[in-house]
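Chain residues, written in single-letter form:
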Amino acid sequence: MRETLAEDAAFIRRLFCLPHVRAFLNTPSRQIIVSTLDDPNAESYVIEDAGEPVGNFVMCTHGFLVDFQSLAVTKRGRGAGTFVLRWGLRRAFDELQAHRVFLEVREDNVGTRRLCERLGFSQEGVYRDGFRDERTGEFRNLVPYAMLERDYGPINSERATGLIFQ
Ligand SMILES: CC(C)(COP(=O)(O)OP(=O)(O)OC[C@H]1O[C@@H](n2cnc3c(N)ncnc32)[C@H](O)[C@@H]1OP(=O)(O)O)[C@@H](O)C(=O)NCCC(=O)NCCS
């Protein structure tokens, strides 16, 4: 994991145009990607594998709240998503002293929801038509998930440090 640079904007745009990412997320403009880097509350990271960028993770701190805003990887099912979410939880709870970490996932993003649930996030309801696909104009339900500090035990830290990202 390394901090995102302005030069990474082209990679991030390409990443969000990949079919498996585009299926669930809108593609951010270059301006949004770059303005995130200037936002003192936001942290944007590039996930690298053997020196090559393979993903992007953005989180935002609002006092005791940490919002995992977006996560996408070029190749799915290799453990990168699990690694990054555990890394983000460590960053939020162990370093930023967050009390609550939350994120929103489209209701039909079944794989990501399973991943969040496996890591210990709890579903907190459903936002009806909370997401609008900018390409088609269609609305989708969004599912909010959160983890509280008390839900995040030492087990998470131990598991995270033992993970090998390949
Ligand atoms: C969401 C996302 C980042 C998850 O990342 P990922 O790298 O695919 O996640 P993981 O590989 O850690 O876990 C996904 C699955 O792969 C499996 N897996 C983990 N490590 C693996 C490995 N080394 N080899 C094979 N499979 C593995 C996991 O068990 C999990 O299985 P499941 O589908 O049965 O739950 C990725 O799917 C993505 O970019 N999706 C598009 C964008 C998106 O939807 N973002 C979330 C919006 S909030």
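Structure: see above.
The following paragraphs examine the structure supplied in this document. (Residues numbered from 1 in each chain as written. Predicted model: local features only at pLDDT ≥ 70, side-chain atom pairs only at ≥ 80, totals over all residues. Heavy atoms only, no water.)

Details of the packing of helix H4 (residues 80–95) against helix H5 (residues 110–119)
Logical step 1: H5 packs onto H4 with a crossing angle of 45 degrees between their chain directions and a minimal axis gap of 11 Å. By the angle between their axes, H4 is oblique relative to H5. Read as a crossing pair, H4 and H5 show a hand that is right-handed. Side by side, H4 and H5 meet where Gly 81, Thr 82, Leu 85 and Arg 86 of the first sit next to Leu 115, Arg 118 and Leu 119 of the second.
Logical step 2: Residues belonging to the contact of H4 with H5 are distributed by class as follows: 3 nonpolar, 2 polar and 2 charged. (Axes fitted to C-alpha atoms, helices over the stretch in contact; angles between N-to-C directions. Helix = DSSP H or I, 4+ residues; strand = E, 2+ residues; numbered from the N terminus. Parallel < 35°, antiparallel > 145°, perpendicular 65-115°, else oblique. Left-handed = near helix turned anticlockwise from the far one by under 90°. Contact = heavy atoms within 4.5 Å. Nonpolar A, V, L, I, M, F, W, Y, C, P; charged D, E, K, R; others polar.)

Details of the packing of helix H1 (residues 9–17) against helix H3 (residues 30–38)
Logical step 1: Two elements in contact, H1 and H3, have axes whose closest approach is 10 Å; the angle formed by their N-to-C orientations is 125 degrees. It follows from the interaxial angle that H1 and H3 lie oblique. Like other packed secondary-structure pairs, H1 and H3 cross with a definite hand, here right-handed. Where H1 abuts H3, its residues Ala 9, Ile 12 and Arg 13 lie against Arg 30, Ile 33 and Val 34.
Logical step 2: When grouped by side-chain class, the residues that make up the contact of H1 with H3 number 4 nonpolar, no polar and 2 charged.

So, the site of the ligand
Logical step 1: Taken together, the neighbourhood of the ligand is formed by 20 residues, with Leu 71, Gly 77, Gly 79, Thr 82 and Asn 109 sitting nearest.
Logical step 2: The contact in question runs from a nitrogen atom of the ligand to an N or O atom on the backbone of Leu 71, over 2.8 Å.
Logical step 3: Within the contact set of the ligand, an oxygen atom lies 2.4 Å away from a side-chain nitrogen or oxygen of Thr 82.
Logical step 4: Against a free-state accessible area of 930 Å², the protein chains account for coverage of 72% of the ligand.
Logical step 5: Secondary-structure elements contributing two or more residues to the shell around the ligand are helix H2 (19–22), strand E4 (65–73), H4 and H5.
Logical step 6: Here the shell around the ligand takes 4 residues from H5, the largest share from any one element.
Logical step 7: Looking at the shell around the ligand residue by residue, the class counts come to 8 nonpolar, 7 polar and 5 charged. (Near = heavy atom within 4 Å. Polar contact = N/O pair within 3.5 Å; in protein donor to acceptor, adjacent residues only side chain to side chain. Areas by Shrake-Rupley, 256 points an atom, 1.4 Å probe, with all protein chains shown as cover.)

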